[in-house]
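Chain and residue survey
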Amino acid sequence: MAKKTKGYFPSQVVSDAEKASYDYGLSIARAIEDEWFGKQSNRHSINQAAFHKLRLYARGEQSIQKYKDELSINGDLSYLNLDWKPVPIIPKFVDIVVNGIAERTYDVKAYSQDPYGVDKRTNFMTSVLRDMNTKEINDHVMDSFGINLYENDPDSLPETTEELELHMQLNYKQSIEVAEEQALNVLLKGNKYDQTLKRTYYDLAVLGIGCVKNSFNTSEGVTVKYVDPTNLVYSYTESPYFDDIYYVGEVKDITINELKKEFPKLTNEDLENIENKPHKNSFGNRYGARAEAENNDSNVIQVLYFNYKTYNNNVYKIKKLSNGMSKAIVKDDKFNPKIDSTTPFEKLSNSVEVLYEGASIVGTKTLLKWELAKNMMRPKSDYTKVKMNYSIVAPRIYKGKVESLVGRVTGFADMIQLTHLKLQQVLSRMVPDGVYLDADGLSEVDLGNGTNYNPQEALNMFFQTGSVIGRSFTGDGDMNPGKVPIQEITTSGGQAKLQSLIQTYNYYLQMIRDVTGLNEARDASTPDKDALVGIQKIAAANSNTATRHILQGGIFLTEELAECLSLRISDIIEYSPTKEAFIQQIGSHNVGTLEDIKNLHLHDFGIFIELAPDEEEKAMLENNIQQALSKNNIELEDAIDVREIKNLKLANQLLKLRRQKKIAFDQQMAERNIQVQAQANAQAQQVAAQAEVQKNQAITQQKAQLEHVEAQLEAQKMQAEAMLKKDLMNHEFQINMRLKQMELDTLKAKETNKEDRKDERTRIQASQQSELIDQRKNNKPPKAFESAGNDILSGSIDTGMFEPR
């Protein structure tokens, strides 16, 4: 048996071989049982009872015995006929918190932080900066010589360093990072982690603690399972993240057949001994109908599964060879030779954390499993550390005690239930309003129609008509004290009690809201009609803030689990025989990432969770978008890009960047429009001047053409006139020629006949002389046949010179 320390657990300052022994593992199992199930501490029973109580309150099914004890008199409830069913107040608030938080979507982001990934990112950023700084030169070379000197797409280059930083966060993604994210998402989806996370959120709200477990086996691969905090065991811690625990485990109820499948080395004799040993309920208590059934079921046993963190010594013997080289030989931690100057070797050693996995049957000395864990999850940043299979978070832990949202309000829920029972009591003891009837007063009344005025007739008249007949004086003439024979009896005491109890009920309901922070703006109550919308939004935001630790606890579990899965993926791809099947399972979604997935084990990734904004944050972002759109500071495409970003900070940065670029672009366009307008005006003026010049040229040309035509017409006119005058002169010449010829002929005829007809001539001459005398007497010149004045053309040419000679 291993040597124990001052506490429950055996010493860790032993050899590695002793730590791996069966006895050491059994000592660890017994120490955990003593701490959690022993009669002195019994931490498991205390946690189990407390968690069971909280879960009953969260379901509205808490025990009603305390309420009966409060209202009974010496244990007697015979006079109380009440509905003891608890008022389900707390379930409403739990559902509001859990369902509201579970609706928040998230993305798992992987960041390559190994030297190769960092160098690749740095080189890309340097390349982009180089293109940004040489943009003008590159553009000039492209325009002048048609040579592209850009290393990246010039259309998508950032313009400022701020835009470059945003580009690196939003758009830059290495293919190996995409492959890692895809692998993580496939594992989470395949293990239905969304359902597990909802159960964990419920535990965080109800119990104040949540836990998930990841493991690996060759048959199922990587598994993610929900762990009930009621079954958890762990070393003492005050850290909300349980990062300083050295052992952790869980107790599970397992049937004999499941035990045989999980541990096939157990023989039938071993199983029979396990079944017959009084192990059931040796420690602690279990609750519920199943627990009652299991008390009589020998096929169900309690098995404790646990992880134990310790350290191993890696020892090497460095032997010096004759050729000057050295050889490292692995030794155990007991290797401790005496080394001096003559020793041809030296010893090297280092200590690393290791994880042992164990399983034992609670209440017995039967150890089912104790071995060094396979595929231990070691962060690549520090290979000496190891991660456990369990991821646990308790946001409000103090001195090892866990506090929850439901635990804060159980007292107020009890007071609400008592108030509800008191209301039932008051209602059951309240009586309706009645009437007082004075029979003596009725006897003095005579209706005068022979009928009897008895109490029944009086009541009928009163209830049907509201009227009553009475007499002021008796038959003897005395004053009648019963002159109003019927009077109403009002019982108002119960109303005051009811109002007081209702006020008490509302008081404790408001106390629950005040303690949890779940105000009317969040718990689906009718808001105050006088409250402004902005005030309601502020109230809802404050309520979300009050329960944010639950959301952050769930995010931590998801991030821690993703880191563990990332390390398991690396080990599977490097060592596991299921490597090819795992790669095909992931790569089936994207064949292009197959080659990258095969190299995942060569990289170290930082994992973080990108949480989608809630409705209030989305409303604020949408308000910013709408304001920018209304002022035409961004385009619709910019709004769509901003809405697709889940990180609210990056979304607002992108909105600011797009707004600045749009304003700068609008200013540039305005300046360009002014320049274009000025150019257009100058061009218009130039065109107008050119048009005026062309107009004047056309007018001048038209005038020249007109003058030319007029000159041609004038020349043609003169030519025609000349031709006409020529013809006229020719005609006149012909006529004159003929006249001259006729005169010559006449003279010739005269000369010829002069001699022959002398007498005739004398007579003719005498006749002519008498004619001349007569003409002279009448002052008439001789008749001329020339066309005087018509011989001159338009100009200075006189055709009279062409008279016949």
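Overview of the structure. (Residues numbered from 1 in each chain as written. Predicted model: local features only at pLDDT ≥ 70, side-chain atom pairs only at ≥ 80, totals over all residues. Heavy atoms only, no water.)

Brief notes about helix α14 (residues 405-429)
If you check α14, its first and last C-alpha atoms are 37 Å apart, about what 25 residues at 1.5 Å a residue would give, namely 36 Å. Along α14, the sharpest kink reaches roughly 35°, centred on G411. Residue S404 occupies the N-cap position of α14, its side-chain oxygen lying 3.1 Å from the main-chain nitrogen of G407. (Helix = DSSP H or I, 4+ residues; strand = E, 2+ residues; numbered from the N terminus. Expected span 1.5 Å × (residues − 1). Bend = angle between axes of the 7 residues up to and from the residue. Polar contact = N/O pair within 3.5 Å; in protein donor to acceptor, adjacent residues only side chain to side chain.)

A closer look at the sheet that holds strand β10 (residues 390-393)
Spatial strand order, β3-β2-β10: three strands in an open sheet with antiparallel pairing. Among the strands making up the open sheet, the edge pair consists of β3 (221-226) and β10. In this sheet, adjacent strand axes meet at a mean angle of 15° when their direction is disregarded. Here six bridges tie strand β2 (residues 210-217) to β3, and the two strands are oriented antiparallel to one another. Counted as the bridge partner of S215 is T223 from β3. (Pairing = 2+ DSSP bridges. Axes fitted to C-alpha atoms, helices over the stretch in contact; angles between N-to-C directions.)

Regarding the packing of aromatic side chains
Counted under the stated rule, the structure contains 15 aromatic pairs. With a centroid separation of 5.6 Å and an interplanar angle of 80°, the aromatic rings of F9 and Y246 are classed as edge-to-face. With a gap of 237 residues between them, F9 in the segment before α1 (16-19) and Y246 in the loop between β4 (232-234) and β5 (247-255) connect regions that are remote in the sequence. Relative to F242, the ring of Y234 lies with its centre 5.1 Å away and its plane at 90°, an arrangement referred to as edge-to-face. Judged by its relative accessible area of 6%, Y234 is buried. What makes F242 buried here is its relative accessible area of 5%. Its end group placed over the ring of Y234, R43 keeps NZ or CZ at 5.8 Å from the ring centre. (Phe/Tyr/Trp six-rings, centres within 6.5 Å; stacked < 30°, edge-to-face > 60°. Buried < 20%, exposed > 50% of the residue type's maximum accessible area, 1.4 Å probe, protein only. Lys NZ or Arg CZ within 6 Å of the ring centre and 35° of its normal.)

Here's the deal with the pattern of salt bridges
Tallied over the full model, the rule gives 27 salt bridges. Of the charged contacts in the structure, one is a salt bridge between D414 and K66, with a shortest N-O distance of 3.1 Å. Here D414 is found in helix α14, whereas its partner K66 is found in helix α4 (residues 65-71), with 348 residues between them in sequence. Note that E250 is salt-bridged to K213, the shortest N-O span being 3.9 Å. You can see E250 sitting in strand β5 and its partner K213 sitting in strand β2, a full 37 residues away along the chain. Of the residues examined, E250 reaches a relative accessible area of 7% and is grouped as buried. (Salt bridge = Lys/Arg side-chain N within 4 Å of Asp/Glu carboxyl O.)

A look at the pairing of strand β1 (residues 106-112)
The side-chain alternation of β1 yields one buried face, formed by Y106, V108, A110 and S112, and one unburied face, formed by D107, K109 and Y111. Note: β1 against strand β15 (residues 605-611), seven bridges, orientation antiparallel. By the bridge assignment, D107 is partnered in β15 with E610.

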